[in-house]
Every structure is written in structure tokens, then in C-alpha cells.
Amino acid sequence: MEAVTWVAALVGAVVAGGGVYAWHLSDRQQRRLPPTQPPLVPESVATVLSVLRSSAVVVDSEDQVARASAPAYAMGLVRGNEISYPELGELVQLVRRDGQIRETEMLIGRSGLPPRTITARVAPLGSRLVLVLVEDRTRERRVEAVRRDFVANVSHELKTPVGAIKLLAEAVQDASDDPEAVERFAGRMMKESERLAHMVQQIIELSRLQGDEPLERPVRVPLDPVIETAIDTSAIDAEAKQVTVVRGGDTGLEIFGSHEPVTIAISNLIANAVTYSRPGSSVLVGIRSHESTVDIAVTDQGIGIPAEEMDRIFERFYRVDPARHRSTGGTGLGLSIVKHVAATHGGEVKVWSVEGQGSTFTLTLPRVIESEAHSGPTAGGTNDQEGQ
């Protein structure tokens, strides 16, 4: 009996010890931290990507986006977990295949969105990842195209008066014994030289405004003296055509901007109106103030603009009727200058016209509000009186 009792006690001790051991083993297993996998994209690489100005995308071996910078999302390079543009995806596959760094410029775009010109640099990042760096070159390429067109147009347009002056000089030389012919040819030479000088001056003015960048230091510009100067600039031409220029609307207003460009823009609008007005008609310069803007509207009773030409009249060197414009000394730059002045001042220019009845060009600019005159301009400028 004692032996049985001893065996039972021994079995109980073994069972109890096994239970305690099992509890300790389970507790250790629960406390043990699960093994951690190293991140697919090292933190050092992710930190570098976050400070790059370029749009950066890291693609894994399954062509899934492992990491992308904020500019990449803003540009629309990533959709979900994939690169949005197949062209970039094909470049990534080529780099993964041979391990060679590739850099190329390409045109990308999706339906409903204008195409973009980008520079893409794709390189392997370790054995599994591929890095894609993208720079948007759309604005640069557009500026380059505008510059090329501008130079080509300038070259073409300058040939006309220069060639005319050369031919007229030869005609004067050949007609040296005919005083009347010399006087006639000399008068035409004078007109062509004036046109050439006017074109060069407008080219200089346009080149200064080319960037459409906002003014760094807009100032308060009284509008009445500007309108007076602009009207006076066209006074001789208006008198020669018997065209009356009438000023109406609000007075005593000030705008935020730069005195000289605004004067040039309004002068061009008035000169345009006088040039294409019928003899004996009137040109109205109307000023209307709004809560935060001023409208300067120039209305003529001239030849008007065909509806199909309305979208192109602000293009550089564009002429509705080239033959008529050359006969009147037009350069095709005046309205383009007005458009650029409006853009640099945070305003706009609009046109209303009916062919055969006349046109109204309205230049809208930010105005000075008297209650804010002492606290600085709301249009992003200063209250500085300098430069006027």
C-alpha cells in the first residue's frame, strides 16, 4: 500500500512539474518578439527621396510602387500601386533587364489632359528595386518654342521695312535728276523708317514683358494722368484722321502696378482704335471702378474684327488683314503687349467686336481701395510711391 502511494505521489510530481514547464515555455514563446523583416526601401533612401525636388518613384521587382515622393503624386506619376504612364513602365523594365542607367526625354499624357514633356532618369537601386527620377520640362520647352517663334517672326517682319528702305534708296539714287520723284521716294522712306523704329521699340517693350511674371514691387499709380498721356500720344494721328477721342467714366482712381507699362498698354489700345476708325468717327475711353478692380474700355467705330479671328488677335505679329495693317503701319505687336501687361499686373484684357461696326477692348487692373490705402495693397504690392 505504501508503494502504491509513493508511485502516485511521484506521478503527481511529474505531472505538476510538466505543467509548470509547459506554462514557462508558453510564457516565453508569448513574450518572444516576432522576427522583423527589413524594410523594402531603406529609411536612408526614403529620407533622400523626401527632400528631392524631382518626382521620385521606387519600383519593386513586381513593378509595384514601393515608395513615391509627394511631387510624384502631384504630377500624377503614380496611380494606386503602379506607375501611371506605360512609357515609364517600359523604361523601368529595360533598366531591370540589363542594369544600365537610362535618361531620356519623352512626351507623356492621359486622355483629357494636355501632354507633358518630361526628362526621366531610371537607375537600378540594389538588386530588387528601380529608381525613377522625373523632371517636368513642359514650361521650359514651351518658352523655348515661343522664343524660337518670336525670333523667326521678328526676322521676317524686319525684312519688310528694311527691304522697302533699300529699294526706295535705290529709287532715289536713280531719280536724282527728278526733284519730284526724289521728294516722293524720300517721303516713303521716312514712313518706312518710322515704322521700323516703332516696331523695334515694341519688340523691346514686349521682350521686357515676355515672362508674364508678377511685378515684384507694384506701386500706387494714379490713373487720370496715365489716360491723359495715352490720349495725347495719339492726338496727332487722331487729328489727321479727324477722329475725336473722348474720355468718360470715373475719375480720381488709382491702380496697383507700374506706371510705364500701364501707360504703354493703354496707349496701344487707343492708337489701335484711332488707326482703324473711320474718318470723322469717335473713340471713347471709358473708366469704370469695381470693388477691387478698374476697367479701362476703349471703344471705336471702326472696321471691327471677324468672329473667326477673335481668338488670335493677341498673338504676336498676328494681323487680321495683313495688307491693310502694313498700309497703316501696324506691327501686330500692340495687342500682344497689352496682353502681357495685363498678365504681369494680375489683370486681364477682353474684346467685344462686330465686323463693320467697331470694337471694344477692356483692360482690367487691380485698383487701390481708399480704406486699405494705409495698410498696403491687397494685390500683393506695396504702398511705395517710388518709380512713378
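Note that the structure is a prediction, hence the values are computed from the model and not measured.

Draft legend 1. Structural detail: the overall build of the chain. The secondary structure content of the chain amounts to 11 helices and 14 strands. The 388 residues of the chain split such that 37% are buried. Taking contacts inside the chain between residues at least 6 apart in sequence as the whole, the part at least 24 apart equals 63%. Working note: accessible area of the chain is about 23000 Å², and carbon and sulfur atoms make up 54% of it.

Draft legend 2. Quick peek at the side chain of serine 359. Residue position: serine 359 is located in strand E14 (residues 358–366). When residues no more than four places from it in sequence are discounted, the contact partners of serine 359 are Val298, Thr299, Asp300, Gly304, Ile305, Trp352 and Ser353.

Draft legend 3. Inspection of the environment of alanine 265 at higher detail. Along the chain, alanine 265 falls in helix H9 (residues 259–275). With 74 residues separating them in the primary sequence, alanine 265 and lysine 339 have C-alpha atoms 8.3 Å apart. Each residue touching alanine 265, except ones within four places of it in the same chain, is listed here: Val338, Val341 and Leu363.

Draft legend 4. Quick peek at the confidence of the model for the chain. Taken as a whole, the chain shows an average pLDDT of 75; of its residues, 68% reach a score of 70 or greater. Confidence, read as mean pLDDT per element, is least for helix H10 (residues 322–327) in the chain (44) and greatest for strand E12 (residues 293–299) (93). Segment residues 322–329: pLDDT under 50, and 14 contacts once partners within four positions in sequence are set aside and those in other chains are kept. For residues 373–388, every residue scores under 50 in pLDDT, and the model assigns this stretch 30 contacts once sequence neighbours within four places are set aside.

Draft legend 5. Looking closely at the sheet that holds strand E2 (residues 65–68). Taken in spatial order, the 5 strands make up an open sheet running E2-E1-E7-E6-E5, and their pairing is antiparallel. Because the sheet does not close on itself, it has two edges, and the strands there are E2 and strand E5 (102–108). Pairwise comparison of adjacent strand axes, ignoring direction, gives a mean angle of 25° for this sheet. Here strand E6 (residues 116–125) pairs with strand E7 (residues 129–136) via 8 bridges, running antiparallel. Paired with isoleucine 118 across the strands is aspartate 136, a residue of E7. Along the sheet face, helix H4 (residues 86–98) touches strand E1 (55–59), E5, E6 and E7 and points at about 165° away from the line of E5.

Draft legend 6. Summary view of the pairing of strand E10 (residues 254–257). Residues of E10 alternate between two faces, with Glu254 and Phe256 on one and Ile255 and Gly257 on the opposite face, all of them buried. Bridge count between strand E8 (residues 219–222) and E10: 4 bridges; the pairing is antiparallel. Of the residues in E10, the one forming a bridge with valine 221 is isoleucine 255.

Draft legend 7. Examining the nonpolar core more closely. Of all hydrophobic cores here, the largest spans 38 residues; its most connected members are Leu223, Ile227, Ile266, Ile270, Ile287, Ile296 and Leu363. Secondary-structure elements contributing two or more residues to this core are E8, helix H7 (223–233), H9, strand E11 (282–289), E12, helix H11 (334–344) and E14. No other element matches H9, which puts 8 residues into this core. Setting aside chain neighbours within four positions, we find isoleucine 296 in contact with Leu223, Ile227, Ile266, Val285, Gly286, Ile287, Phe361, Thr362, Leu363 and Leu365. Core analysis: the next-biggest nonpolar cluster, separate from the first, contains 22 residues, Ile108, Val122, Val132 and Val134 among them.

Draft legend 8. Spatial organisation of the pattern of salt bridges. Considering all chains together, one arrives at 10 salt bridges under this definition. A salt bridge links glutamate 140 to arginine 141, with the nearest nitrogen and oxygen atoms 3.8 Å apart. Judged by relative accessible area, glutamate 140 falls into the partly exposed class, the value being 37%. Take arginine 141: its relative accessible area is 25%, and that puts it in the partly exposed class. Between glutamate 254 and arginine 220 there is a salt bridge, with its nearest N and O atoms 2.3 Å apart. Within this pair, whereas glutamate 254 is found in strand E10, its partner arginine 220 is found in strand E8, the two being separated by 34 residues in sequence. Each of the salt bridges in this network shares a partner with another, and the network as a whole consists of Glu105, Arg137, Glu140 and Arg141.

Draft legend 9. Structural view of the packing of aromatic side chains. Taken as a whole and assessed by the stated rule, the structure comprises 0 aromatic pairs. The ring of phenylalanine 185 has arginine 184 sitting right over it, with the charged end atom 5.1 Å from the ring centre.

Criteria and thresholds
Residues numbered from 1 in each chain as written. Predicted model: local features only at pLDDT ≥ 70, side-chain atom pairs only at ≥ 80, totals over all residues. Heavy atoms only, no water. Helix = DSSP H or I, 4+ residues; strand = E, 2+ residues; numbered from the N terminus. Buried < 20%, exposed > 50% of the residue type's maximum accessible area, 1.4 Å probe, protein only. Contact = heavy atoms within 4.5 Å. Areas by Shrake-Rupley, 256 points an atom, 1.4 Å probe, with all protein chains shown as cover. pLDDT = per-residue confidence, 0-100. Pairing = 2+ DSSP bridges. Axes fitted to C-alpha atoms, helices over the stretch in contact; angles between N-to-C directions. Core = buried A, V, L, I, M, F, W, Y, C linked by side-chain atoms within 4.5 Å. Salt bridge = Lys/Arg side-chain N within 4 Å of Asp/Glu carboxyl O. Phe/Tyr/Trp six-rings, centres within 6.5 Å; stacked < 30°, edge-to-face > 60°. Lys NZ or Arg CZ within 6 Å of the ring centre and 35° of its normal.

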